[in-house]
Structures are given as C-alpha cells and as structure tokens.
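# Commentary on secondary and tertiary structure
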Amino acid sequence: PNLSNLMGRMEDMKAVAGCAAALASETGNIGYLGPLINFETRRLTAAAYLGAKYCYENYRGMDPADLGFTVTWIGFWFNIPGVTLDPTEVVTNFFDTGADVVLSGIDTTEAIDIAGQRAAQGDTVFAIPYDYVGACDIAPDVCLGVPFFSWGPSYLKLAEEVSTGVWQQTWDWMPADWDNLADPTLTNVGWINGPALTEEMQASLDEFIAGMASGDINVWTGPINLQDGTAYIAEGATATDDEIWYLPQLIEGMEGPSGN
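Remember, it's a predicted structure, so these values are computed and weren't measured experimentally. Each chain carries its own residue numbering, running from 1 in the direction its sequence is written. A pLDDT threshold of at least 70 governs which residues receive local features in this predicted model, and a stricter bar of 80 or more applies before side-chain atom pairs are shown or counted, although totals over entire chains, interfaces and linings include all residues. In computing side-chain values, all of the structure's heavy atoms are included and hydrogens and water are not.

On to the packing of helix H1 (residues 10–24) against helix H2 (residues 39–58), then. At a minimum axis distance of 6 Å, the contact between H1 and H2 shows a crossing angle of 40 degrees. Taken as axis vectors, H1 and H2 run oblique relative to one another. The handedness of the crossing between H1 and H2 is right-handed. Counting all contacts with H1, which are made through Met10, Glu11, Lys14, Ala15, Gly18, Cys19, Ala22 and Leu23, the residues of H2 involved are Arg43, Leu44, Ala47, Ala48, Gly51, Ala52, Cys55 and Tyr56. Here the residues of the contact of H1 with H2 sort into 11 nonpolar, 2 polar and 3 charged. Every angle, taken between N-to-C directions, lies between 0 and 180 degrees, and every axis is a line fitted to C-alpha atoms, over only the stretch in contact when it is a helix. Helix and strand assignments follow DSSP, with helices taken as H or I runs no shorter than four residues and strands as E runs no shorter than two, numbered in order from the N terminus. Roughly parallel means an angle under 35 degrees; roughly antiparallel means over 145; roughly perpendicular covers 65 to 115; every other angle is labelled oblique. Handedness of a helix crossing follows the sense of rotation of the near helix relative to the far helix, less than a right angle counterclockwise being left-handed and clockwise being right-handed. Contacts between residues were defined by any pair of non-hydrogen atoms, one from each residue, lying within 4.5 Å. Classification used: nonpolar for Ala, Val, Leu, Ile, Met, Phe, Trp, Tyr, Cys and Pro, charged for Asp, Glu, Lys and Arg, polar for all others including Gly.

To find leftover empty space, one rolls a probe the size of a water molecule over the atoms. Points on a 1 Å grid, built from protein atoms alone, make a cavity when a 1.4 Å probe fits but cannot get out and make a pocket when they are open with protein on both sides within 12 Å along at least 5 of 7 lines; residues with an atom within 4 Å of a point are the lining residues. Grid points are joined across faces, edges and corners, and a volume is the space filled by probe spheres set on the points. The tally for this structure, following the rule as stated, stands at 1 cavity of 30 Å³ or more. Each pocket or cavity is described by its volume, and for the largest cavity that value is around 30 Å³. In terms of lining, the largest cavity is formed by Lys14, Tyr32, Pro35, Thr41, Leu44, Thr45, Trp77, Gly105 and Tyr130.

Moving on, we come to the nonpolar core. What we call a nonpolar core is a set of buried Ala, Val, Leu, Ile, Met, Phe, Trp, Tyr and Cys residues that are connected through their side-chain atoms within 4.5 Å. For each residue, the accessible area found with a 1.4 Å probe, counting protein chains only, is set against the maximum for its type, and the residue is called buried under 20%, exposed over 50%, and partly exposed in between. Ranked by size, the top nonpolar core spans 60 residues in total, and within it Phe69, Leu144, Trp191, Leu205, Phe208 and Trp220 carry the most contacts. At 11 residues, H1 tops the list of elements feeding residues into this core. If near-sequence neighbours (up to four positions away) are discounted, Leu205 is found in contact with Val16, Cys19, Ala20, Leu23, Trp191, Asn193 and Leu197. Core analysis: the next-biggest nonpolar cluster, separate from the first, contains 23 residues, Val125, Ala127, Cys136 and Ala139 among them.

Attention shifts here to the sheet that holds strand S5 (residues 126–128). At least two DSSP bridges between two strands are required for those strands to pair. Taken in spatial order, the 4 strands make up an open sheet running S3-S2-S4-S5, and their pairing is parallel. The sheet terminates laterally at strand S3 (68–73) and S5, the two strands that pair on one side only. Looking at each pair of strands side by side, their axes are set apart by 20 degrees on average, direction ignored. Here helix H3 (residues 87–96) sits on the sheet and contacts strand S2 (29–34), S3, strand S4 (101–104) and S5; the angle it forms with S2, its principal contact strand, is near 170 degrees. Of the strands in this sheet, S2, S4 and S5 are in contact with helix H4 (residues 110–120), which crosses S5 at around 165 degrees.

Take H3 next. By the burial criterion, the buried members of H3 are Pro87, Val90, Val91, Phe94 and Phe95. The arc enclosing the buried residues of H3, seen along the axis, measures out at 135 degrees, which places them on a common side. More than 90 degrees from the buried face of H3, the exposed residues found are Glu89 and Asp96. Against the buried residues of H3 lie S2, S3, S4, H4 and S5. The definition of a polar contact used here is a pair of N or O atoms within 3.5 Å, where within protein one atom must be able to donate a hydrogen and the other to accept one, and adjacent residues in sequence count solely through side-chain atom pairs. The residue sitting at the N-terminus of H3 and contributing the capping side-chain oxygen is Asp86; that oxygen lies 2.9 Å from the backbone nitrogen of Thr88. Trailing H3 by a residue or two, Gly98 shows a phi angle of about 115 degrees, which is positive. Summarising the geometry, the arc corresponds to the directions from the helix axis toward the C-beta atoms.

If you want it as structure tokens, here you go:
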C-alpha cells in the first residue's frame, strides 16, 4: 500500500535513436548492442528498429526491407568478464561485418569508445550511446545523439505529494516532455542531439520528433509481425500499451535472438 511504480517511456526515445541511426547509415546496416533479454529490452530494441525502419523509408526514400538491423545480446547491462560477451568485441564485430552505426542498449560506453577509435583510423562510423547525457563528449565526431532517463521530475512530484498528504498509489509509464527533450529537469525521458548529425539529418529528425509529439507518427502502427512471422498488430491498428510492454519477440526484419 505504500508503493508506487514509475517507468519512463524510453521506447519513444529509442525510436528517435533508431531514426537517427537510419538517417546516418550509408551501408544500410545497423548494429544494436543489447544487454540481457527480457520484456523491457525487447520492446526498447524493437522501438529502435521501428524508428529506423520508418525513417529509412520516409526520409531516405529507401526500401525498409533492405535495412539490416542486427541485435547481439551480451547477457547483462555491463561487461562481466567470463560471464557476458565482451561488448568491445561485439561492437568491433559489428563494424567489421558491415554495420556503420551501433546503438547501445547497455550501461557502459563501449559503443562510442570503439566508434571513436575506428573513426580515428579513417572509418566512417557512428554510435548512439545510452542514458548518460554527457556521453557524446567521449567522441563527439561520431555521436548522433543520446536517449536518457531523468527520474528527478517524477521523484520530486512523489515527494511533494507525500509531504502534502495527497499521495495515492499509482503505476505510471511516464511520457517525454516533447517541448523540452534536452532538459533533464523537465522531461522523464529525453534526447540529446549529437554533433555528428548533419543539418539535413537534423531537419529530418526534427520532423520525425514533431510527428511523434503530435501523434501523427506512431511507429507501433501495423502491420507489425513478430520475428517468427506471426501477425501481431493488424494493418492500420496501433499497438496498445500492453502489446508494447509485453512484446513477446523481436519484430520481423530484426536479426538476433528473441529469448534466452
């Protein structure tokens, strides 16, 4: 009775990250550095793919069926030697096998570290780190942006409600403040634009973000099939919160395992 649940709607920011990746990729191959596999990580990874697919088609004018999106799960949120896959090796393999953008879903910086090293060697590669607003500072020239959580606004609201005696138990999936995506004091989830975005990329990304904010763009609109080909969201229908939250598999078109 004295517990509330809070979760930021990071899925929207992952869709933005996927869009940025698709706008930058020249090989049409994107790598996703995943942690462990569960409902949260499946839906976040799928959201990144759906954002990439939308922008590859609508802003790049490319066939979304030709977009490569490969997920490699290391087994946890950070490297545990001898237990998880080594994220440094995973990112290196992405770049060695044709990906030119790597999105990170783990809590450490290997994706942008390796991208920066490869760019210094002359490779045209990019990275999108995760959940640290200053992550682009590691290698600005390859950083397309950063999606992040910000718990301050919701914690402050809870504290004020408790202190004034009006608190009631809730289960909140907290949306972005679309007008203040770069301000951690105002938004529950956000996005920092990276220095590697060109003006053209930025214009398309801004249009995509505006469309998501207004509701004109919803990447969870069908038809969407699961990875095994099972129909999940019918054509013209939009996924419910439960269908997103409890996504049972990755999405058709993604490469990589959906379960342990």
